[in-house]
2 protein chains.
Amino acid sequence: MSADEFSVIRDLFAPHATNEAARALRDDAAVLEASGKLVVTTDTIVEGVHFLAVDPIETVAMKALRVNVSDVIAKGARPVAALLNLVWSDARPAAEIATFAEAFGRDLKLFGVNLIGGDTTSTPGPLTISVTLLGEPLGSRVPARGDAQVGEDVWLIGGEIGSAWLGLQLRKGEIGLARLREGRDEVQAQADSRALSQSMPDYLKLANEDFDAEAAWLMTAYLAPFVRPECASVISKFASASMDVSDGLVTDAGKIADASGVALRIAINAVPFSIAAERWAFSGGDVRKLITGGDDYVMLFTAPSELRGAIEAAEGSQALRLARIGVVEAGGGVTVVDANGQAIPVADAGYSHKLGR
Amino acid sequence: MSADEFSVIRDLFAPHATNEAARALRDDAAVLEASGKLVVTTDTIVEGVHFLAVDPIETVAMKALRVNVSDVIAKGARPVAALLNLVWSDARPAAEIATFAEAFGRDLKLFGVNLIGGDTTSTPGPLTISVTLLGEPLGSRVPARGDAQVGEDVWLIGGEIGSAWLGLQLRKGEIGLARLREGRDEVQAQADSRALSQSMPDYLKLANEDFDAEAAWLMTAYLAPFVRPECASVISKFASASMDVSDGLVTDAGKIADASGVALRIAINAVPFSIAAERWAFSGGDVRKLITGGDDYVMLFTAPSELRGAIEAAEGSQALRLARIGVVEAGGGVTVVDANGQAIPVADAGYSHKLGR
């Protein structure tokens, strides 16, 4: 397939831009009708930095959108419109662009987002994707990082901590399947895997290994984070401060602490992990890797303690893995404590890319 | 200087994000108060594709913003808020980021744009910059590409065609200063250059050559396009169809023709060129290079012929190089004619990047 930027936009992306604001991607700008508050966020992912060159192009497309959906949800908002800057690597087959566009379009539909504009160009460097996402706040207030108050509870909602980090180690071969299987009920695990393997894509199989349900779950958490839009409603109703966890739980909790001028104390036993991650940690893995690893894309928020019951009721039975993981205290920084209340020393391993030479 | 993405945002970009919507770049999303129509556009520039690796980092910053400002102006709108995705090359000194941020901030101020968000990351590849720009339409209607009507005039406003292309050839050494000087009044040209050279930055001097006023003008048109926000008012009041010329006059006129289902006939003698470009063409240069070269960032629009007087009056004495260059006819495509009405055969040399391998 030969492709130039005009035909790619017309043939592959315009079909996903059916909203009037998009002007069918045939204009130089989108025209949005807006009223009231609008949440705007943008995030870039780069091959070799935020995803691996060998990651499937479908999940790269999903990740590019979802890291932004995650930011919008964390502000208690509903994502509505996206712009895509696709900087396609000269080294990649042009035929892959259609697969990218299809997966991106499917994910837009899943999250109810309209593609309203973008830009497609080439690069001699790695594949680089920026998405800008606009969202409508569900409530009148948009919680910031700096709104945490002493005495409030610290909550997580939307998923597990550390699964994506473990999934990345599996993809990179840093942790093998044998290590993951240590201590688990193999009869059960293999039954789970057999039940699931039919419907799973090839990229969730490990090299030279059969499909493994737990490994697939962890790798999916890394490849195409499970972002749960239902969290936005809970956040918009109850959160004081909020943000998504993308650079590691400890680092991101530190950002709320810094911006709010408070300290966060987190009980490690209350943090939601996957069963596989818990078993890995109990059989000698370093639990601190799970809470500093990054790529979680779950929501961290604080709320007054008198709202506990209402928050739990609002989560209802949506399986959002709502968890009250700590408290806001006077002071600064983040302390992680074990079951005995003893502090676990955690270096800030948060993911801040070094820039330039 | 060592730099990580958090400190770069805090120290270099946050000072330019003073608007409330930006939340001082300390949040994961901007919160905009919007009412009515909002024009949204985004464009990416890549080192080695849209600018040269040797181009000064100041003008790269300016270009990244201005190619987007140009799109907003072309829609008859006023640019108000920007998001910046800065993907910094590992091969570039981190110290250059401060220079980039300073130049970007200066240009934001020049165009009255608030920085409200963005993302900073690293890449093993070339420097890549996406800007997303939001604008407020000056009128109630936002002209599209597809709104041209048979019988209308075709206009250009905001600058010259072909100067940026000539400037790029000078920067690449494809055209030498001696060739540019052919047939010009050297006494006058050298007086102009002496008068200007004191206040000009080093990057406008050619290798092993003294500063030359005409060459500097052309190179500036390429490096940091002169974008004139005053054009937005004329466009919002009078334009039927409009867009900016960025991929070459003939290619972009073709986009209006295609989207509107009409033909555009353009008189080459009416197209605004710089004196240097005209002399270059008259002394053996191929004028077709000027009208297909790209990077012009001037505005192309159509309007009913009965508005001629009003359009000229609205331009007034703002030196916007307003030029009525042709007519909209029934049919399709673009025809460029010479002074005798003879068609000049022009291959569509428009700049559409090939994607992938």
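Look above for the structure.
Residues numbered from 1 in each chain as written. Chains lettered and ligands numbered in written order. Predicted model: local features only at pLDDT ≥ 70, side-chain atom pairs only at ≥ 80, totals over all residues. Heavy atoms only, no water.

## Overview of the overall build of chain A
Going by this rule: Strands here are runs of E lasting at least two residues and helices are runs of H or I lasting at least four, both read from the DSSP assignment and numbered beginning at the N terminus. Our radius of gyration looks at C-alpha atoms and nothing else; its globule reference is 2.2 Å times the residue count to the power 0.38. In this scheme, a residue with accessible area under 20% of its type's maximum is buried, one over 50% is exposed, and one in between is partly exposed, where area comes from a 1.4 Å probe on protein chains only. Using the Shrake-Rupley algorithm and a 1.4 Å probe, accessible areas are obtained, with residue cover drawn only from the displayed protein chains. Here Asp and Glu are counted as negative and Lys and Arg as positive; His is not counted, and neither are the chain ends. By convention, charge coordinates are those of NZ in Lys, CZ in Arg, CG in Asp, or CD in Glu.
Counting its secondary structure elements, chain A contains twelve helices and ten strands. Expected size for 357 residues packed as a compact globule is a radius of gyration near 21 Å; at 21 Å, chain A falls within 12% of this value. Counting only residues that meet the buried cut, chain A has 59% of its 357 residues in that class. Of the roughly 13600 Å² of accessible surface on chain A, a fraction of 50% belongs to carbon and sulfur atoms. Counting 32 positive and 47 negative side-chain charges, chain A places the averaged centre of each group 1 Å from the other.

## Points about the sheet that holds strand E6 (residues 242–245) of chain A
Backbone-to-backbone hydrogen bonds pair the strands of a sheet. The strands run either parallel or antiparallel. Residue and element names in this part refer to chain A. The test is simple: Strands are treated as partners if at least two bridges between them are detected by DSSP. Only the stretch in contact is used when fitting a helix axis, every axis being a line fitted to C-alpha atoms; angles between N-to-C directions are given from 0 to 180 degrees. Working rule for contacts: check all heavy atoms of both residues, and any pair within 4.5 Å makes them a contact.
Spatially, the six strands line up as an open sheet ordered E6-E8-E5-E9-E7-E10, and their pairing is mixed. Strand pairing shows two members of the sheet lacking a second neighbour, E6 and strand E10 (333–337), which therefore form its edges. Between one strand axis and the next, the sheet turns by 25° as a mean value, whatever way the strands run. Here strand E7 (residues 263–267) pairs with strand E9 (residues 323–329) via four bridges, running antiparallel. Bridge pairing in E9 places Leu-264 opposite Val-328. Here helix H8 (residues 231–238) sits on the sheet and contacts strand E5 (153–157), E6 and strand E8 (298–303); the angle it forms with E8, its principal contact strand, is near 20°. Helix H12 (residues 308–315) rests against E5, E8 and E9 of the sheet, and its axis sits at about 5° to E5.

## Topic: the relation of the copies chain B and chain A
Condition: Residues reaching a pLDDT of at least 70 in both copies supply the C-alpha atoms on which the copies are superposed by least squares.
If you rotate chain B by 180° and push it 0.0 Å along the axis, it lands on chain A with an RMSD of 0.0 Å. Look at the turn and shift together and you get a two-fold axis relating the two. Most of the interface of chain B is mirrored in chain A: 100% of its interface residues are interface residues there too.

## Quick look at the nonpolar core
The cut-off we apply is this: Within this scheme, the nonpolar core is defined by two criteria: the residues are buried Ala, Val, Leu, Ile, Met, Phe, Trp, Tyr or Cys, and they are joined through side-chain atoms within 4.5 Å.
One finds Phe-13 of chain A together with Phe-13 of chain B to be the most contacted residues of the largest nonpolar core, which totals 238 residues. When residues no more than four places from it in sequence are discounted, the contact partners of Phe-13 of chain B are Val-8, Leu-25, Leu-84, Leu-86, Ile-97, Phe-100, Ala-101 and Leu-115 of chain B.

## Re helix H1 (residues 5–13) of chain A
Residues and elements named next belong to chain A. For clarity, the threshold we go by: Our arc is simply the arc of the directions from the helix axis toward the C-beta atoms. We define a polar contact as two N or O atoms separated by no more than 3.5 Å, with the added condition that, inside protein, one atom must be a possible hydrogen donor and the other a possible acceptor, whereas residues neighbouring each other in sequence contribute only through side-chain atom pairs.
Those residues of H1 that sit buried are Glu-5, Ser-7, Val-8, Leu-12 and Phe-13. In a view along the axis of H1, the buried residues occupy a sector of 160°, so they form one face of it. Residues of H1 that are buried sit in contact with strand E2 (77–89), helix H3 (95–111) and strand E3 (114–123). Capping the start of H1 is the job of one residue whose side-chain oxygen sits 3.1 Å from the backbone nitrogen of Ser-7: Asp-4.

## Points about the pattern of salt bridges
Residues and elements named next belong to chain A. Rule in force here: Any carboxyl oxygen of Asp or Glu within 4 Å of a side-chain nitrogen of Lys or Arg constitutes a salt bridge here.
What the rule picks out here adds up to 53 salt bridges over all chains. One salt bridge in this structure joins Glu-329 and Arg-265, with 3.0 Å as the shortest N-O distance. Here Glu-329 is found in strand E9, whereas its partner Arg-265 is found in strand E7, with 64 residues between them in sequence.

## Things to note about the interface of chain B and chain A
Under the convention used in this document: Joining two parts hides part of their accessible area as seen by a 1.4 Å probe, and the buried area is that hidden amount summed over both.
Residue-level contacts link 73 residues of chain B with 73 residues of chain A. Of the roughly 5800 Å² buried between chain B and chain A, counting both surfaces, carbon and sulfur atoms make up 53%. When the buried surface of chain B facing chain A is broken down by residue, Asp-28, Leu-355 and Arg-357 of chain B rank first, second and third, together holding 13% of it. Linking chain B with chain A are seven salt bridges.

## Looking at unusual backbone geometry
All names here are of chain B. The phi dihedral of Tyr-297 falls on the positive side, at around 55°, and the residue is not glycine. With respect to the helices, strands and loops of the structure, Tyr-297 is situated in the loop between helix H11 (287–292) and strand E8 (298–303). The buried category is assigned to Tyr-297, whose relative accessible area is 10%. The residue Arg-321 is not glycine, and still its phi comes out positive at about 55°.

## Examining the packing of helix H4 (residues 163–172) of chain B against helix H7 (residues 213–223) of chain B
All names here are of chain B. The test is simple: The scheme is simple: roughly parallel for angles under 35 degrees, roughly antiparallel for over 145, roughly perpendicular for 65 to 115, oblique for anything else. Charged residues are taken to be Asp, Glu, Lys and Arg, nonpolar residues to be Ala, Val, Leu, Ile, Met, Phe, Trp, Tyr, Cys and Pro, and polar residues to be all remaining types, Gly included.
Taken N-terminus to C-terminus, the directions of H4 and H7 make an angle of 105°; their axes are 7 Å apart at the nearest point. Comparing the axis directions of H4 and H7 gives the class roughly perpendicular. Each of Ser-163, Ala-164, Leu-166, Gly-167, Leu-168, Leu-170 and Arg-171 in H4 lies in contact with H7, whose residues at this interface are Ala-215, Trp-217, Leu-218, Met-219, Ala-221, Tyr-222 and Leu-223. Residue composition of the contact of H4 with H7, by class: eleven nonpolar, two polar and one charged.

## Considering the pairing of E7 of chain A
By the bridge criterion, five bridges tie E7 of chain A to E10 of chain A in an arrangement that is parallel. Residue pairing in the sheet places Ile-266 of chain A in a bridge with Val-336 of chain A of E10 of chain A.

## Considering the sheet that holds strand E9 (residues 323–329) of chain B
All names here are of chain B. Strand order across the open sheet formed by six strands is E6-E8-E5-E9-E7-E10, with mixed pairing between neighbours. Two strands lie at the open edges of the sheet, namely strand E6 (242–245) and strand E10 (333–337), each paired on one side alone. Taking the axes of each pair of neighbouring strands and ignoring which way they run, one obtains an average angle of 25° across the sheet. Two strands pair when backbone bridges link them, and strand E5 (residues 153–157) and E9 are joined in this way by four bridges, in the antiparallel orientation. Among the inter-strand pairings, Asp-153 is bridged to a residue of E9, identified as Val-327. Along the sheet, helix H9 (residues 249–260) makes contact with E5, E6, strand E7 (263–267), E8, E9 and E10, crossing E6 at roughly 165°.

## Concerning the packing of aromatic side chains
One pair of aromatic rings is described through two measures. These are the centre distance and the angle between the planes. Put simply, the rule is: Here the aromatic set is Phe, Tyr and Trp, taking the six-membered ring for Trp, and pairing holds for ring centres within 6.5 Å; pairs whose planes are under 30 degrees apart are stacked, those over 60 apart are edge-to-face, and all others are tilted. Definition used: whenever NZ (Lys) or CZ (Arg) falls within 6 Å of the ring centre and also within 35 degrees of the ring normal, the charge is taken to sit over that ring.
Under the criterion given, the structure shown has twelve aromatic pairs over all chains. Ring centres of Trp-155 of chain A and Phe-301 of chain A lie 6.1 Å apart, and the angle between their planes is 5°; this geometry places the pair in the stacked category. Remark: Phe-301 of chain A occurs in strand E8 and Trp-155 of chain A occurs in strand E5; sequence separation between them is 146 residues. Aromatic side chains Phe-100 of chain B and Phe-104 of chain B sit 5.8 Å apart centroid to centroid with 10° between the ring planes, which places their arrangement in the stacked category. Residue Phe-100 of chain B and its partner Phe-104 of chain B are located together in helix H3 (residues 95–110), separated by four residues, close to a single helical turn. Here Phe-100 of chain B falls in the buried class, since its relative accessible area comes to 0%. Among the aromatic side chains, those forming a connected cluster through ring pairs are Phe-13, Trp-88, Phe-100 and Phe-104 of chain A. Residue placement shows Lys-63 of chain B over the ring face of Tyr-222 of chain B; its charged tip is 3.9 Å from the ring centre.

## A few points about the environment of Lys-75 of chain B
Its location among the elements puts Lys-75 of chain B in the loop between helix H2 (57–74) and strand E2 (77–89). Once the C-alpha coordinates of Lys-75 of chain B and Phe-301 of chain B are considered, the two residues, 226 residues apart in sequence, prove to be 9.8 Å apart. In this structure Lys-75 of chain B touches Arg-23, Asp-27, Asp-28 and Ala-29 of chain A together with Val-39, Val-142, Pro-143, Ala-144, Arg-145, Ile-235 and Ser-242 of chain B, once residues within four positions along its chain are discounted. Looking at Lys-75 of chain B, its side chain comes within polar contact range of the main-chain oxygen of Ser-242 of chain B, at 2.9 Å.

## Some thoughts on the side chain of Ser-274 of chain A
Residues and elements named next belong to chain A. Along the polypeptide, Ser-274 turns up in the loop between E7 and helix H10 (275–282). Within the structure, the side chain of Ser-274 is placed 3.4 Å from the side chain of Ser-163, a separation counted as a polar contact. Within polar-contact distance, the side chain of Ser-274 engages the backbone nitrogen of Ala-277 at 3.1 Å. If near-sequence neighbours (up to four positions away) are discounted, Ser-274 is found in contact with Glu-160, Ser-163, Trp-217, Leu-218 and Arg-321.

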